[in-house]
Amino acid sequence: MKKGLTIGLLMLLLIAVLFVVNLFVGAVDIPAVDVLSILFGSDDSSGVSSSVPLSWRYIVMQNRLPQALTAMLCGASLAVSGLMLQTAFRNPLAGPGIFGINSGASLGVALVMLLLGGSITTGAFSLTGFVAILAAAFVGAMTVMAIIMLFSTLVKSNIMLLIIGIMIGYVTSSVISLLNFFATEEGVQSYMVWGLGNFGGVTMQQMPAFASVTILGLVAALLLIKPLNAMLLGEQYAENLGVNTRRIRNYLLFVTGILTAVSTAFCGPVAFIGLAVPHAARMILGTENHRRLLPATLFCGAATALLCNIACVLPGSRGIIPLNAVTPIMGVPVIIYVLLKQRA
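All values reported here derive from a predicted model rather than from experimental measurement.

Novice: Any chance you could break down the nonpolar core for me, citing the residues and the numbers?
Specialist: Grouped together as the largest cluster of nonpolar side chains are 93 residues, with contacts concentrated most on M84, F89, F99, L114, Y191, F199 and V270. Counting residues per element, this core draws most heavily on helix α3 (residues 54–88), at 13 residues. Beyond its immediate chain neighbours, meaning those up to four positions away, F99 contacts L85, F89, V144, I148, L161, L162, G165 and L253. By size, the runner-up hydrophobic cluster in this structure holds six residues, among which are I30, I38, V52 and V60.

Novice: Report on helix α7 (residues 185–195), specifying residues and quantitative values.
Specialist: Every buried residue of α7 is accounted for by G187, V188, Y191 and W194. Across the axial projection of α7, the buried residues extend over an arc of 125°, all falling on one side. In α7, the exposed residues that point more than 90 degrees away from the buried face are E185, E186, Q189, M192 and V193. Looking at the residues trailing α7, positive phi occurs at G197, about 80°.

Novice: Give me unusual backbone geometry: which residues, what numbers.
Specialist: The backbone of F272 shows a phi angle near 75°, a positive value even though the residue is not glycine. By the element assignment, F272 lies in the loop between α11 (245–267) and α12 (273–285). We classify F272 as partly exposed; its relative accessible area is 29%.

Novice: Residue-level account of the side chain of S103, with values.
Specialist: Mapping S103 onto the fold places it in helix α4 (residues 101–115). Every residue in contact with S103, bar those within four places of it in the chain, is listed here: G169, T172, S173 and I176.

Novice: Would you mind going over the confidence of the model for the chain in detail, with residue names and values included?
Specialist: In this model, the chain carries a mean pLDDT of 84, and residues with pLDDT of at least 70 account for 90%. Note that residues 43–49 has pLDDT below 50 and, in this model, 13 contacts with residues that lie over four places away or in other chains.

Novice: Any details on a nonpolar patch on the surface? Residues and values, ideally.
Specialist: A grouping of I159, M160, I163, I166, M167 and Y170 is seen on the molecular surface, where their side chains present a nonpolar patch of about 580 Å² in accessible area. Relative to the assigned elements, I159 resides in helix α6 (residues 158–182).

Novice: Which residues make up the packing of aromatic side chains, and what are the values?
Specialist: As enumerated under the stated definition, the model contains three aromatic pairs in all. When the ring of F181 is compared with that of F182, the centres are 5.0 Å apart and the planes differ by 90°; the resulting orientation is edge-to-face. We note that F181, like F182, is exposed.

Novice: Can you tell me about the packing of α4 against α11, naming the residues and giving the values?
Specialist: Closest axis-to-axis distance for the α4/α11 pair is 9 Å, and the angle between their directions is 35°. Crossing angle aside, the handedness with which α4 passes α11 is right-handed. For the pair α4 and α11, contact is made by I101, N102 and A105 and by G257, T260, A261 and T264, respectively. Of the residues assigned to the contact of α4 with α11, the class counts are three nonpolar, four polar and no charged.

Calculation rules
Residues numbered from 1 in each chain as written. Predicted model: local features only at pLDDT ≥ 70, side-chain atom pairs only at ≥ 80, totals over all residues. Heavy atoms only, no water. Core = buried A, V, L, I, M, F, W, Y, C linked by side-chain atoms within 4.5 Å. Buried < 20%, exposed > 50% of the residue type's maximum accessible area, 1.4 Å probe, protein only. Helix = DSSP H or I, 4+ residues; strand = E, 2+ residues; numbered from the N terminus. Contact = heavy atoms within 4.5 Å. Arc of directions from axis to C-beta. pLDDT = per-residue confidence, 0-100. Patch = residues over 30% accessible without salt bridge, like charges linked within 9 Å, V, L, I, M, F, W, Y side chains within 5 Å. Areas by Shrake-Rupley, 256 points an atom, 1.4 Å probe, with all protein chains shown as cover. Salt bridge = Lys/Arg side-chain N within 4 Å of Asp/Glu carboxyl O. Phe/Tyr/Trp six-rings, centres within 6.5 Å; stacked < 30°, edge-to-face > 60°. Axes fitted to C-alpha atoms, helices over the stretch in contact; angles between N-to-C directions. Left-handed = near helix turned anticlockwise from the far one by under 90°. Nonpolar A, V, L, I, M, F, W, Y, C, P; charged D, E, K, R; others polar.

Okay, structure coming up:
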């Protein structure tokens, strides 16, 4: 117990340090003193020291701050989703994208970008730009989740449901490939940029809605700790303990679907965090008890996403590299280690 508490406090400290570093590091070189002045200091009516350019204030408060908050929440959501799926389906390679939810969001965005020219128009209703992409990603992800939920009422076996999710992912990927083949060069390029992932898609105005849904989803996941521990022993044993495994599975799919859909809609299909972080948390704690493992996975996911966001910044003000170019570098070694350990 004491060891778990110590690890938890260290994780919280690490998250705090990485969060602060995210505010100081970026493509634009802003002196640390000026960043502190923007965050805390004020000596005029604008709330910022007169020596600090307004453009720097905008970068820190409207770009770096929401980006750090988004990374923390998105990383926690994907990591917790991955842990729940790996436990429920007893598969170390299960992750948020395994049921095609990410693919559903990608298909929705592909339809808007590659087929509809970047806008959704139905009568007097019209959405364009980022709002259209956001709506399409969310609707696509939730549509696939609804299909999976429908099949979950018809299929008893977790393995069969897992296979159905993979097949749905293949179908959506096939449709996306066809849309890419017939799309314009500009449309394909825009879609590829979205698919590379980015924590900078949430503005401060959108943050309350994004954070509210994400936090509610994480709280719902924490309520599943007891049944998840029972499911570690197998479905039959869990049912003998009074756990309705089918109901818990549907509840788990719904919570995972919401967390994944919101994260993908705002940040794109972020790879490997949901797959690798739960294994890293297991290695750190050395336990499968979800009373300790689930909170630790939440903290590890937030810290990993913040670290990836820092790693995306190229030195010397050379710009930002894509998020999904960084996450595999951190996630693949963990997965390979887990597979080799299981084989041994």
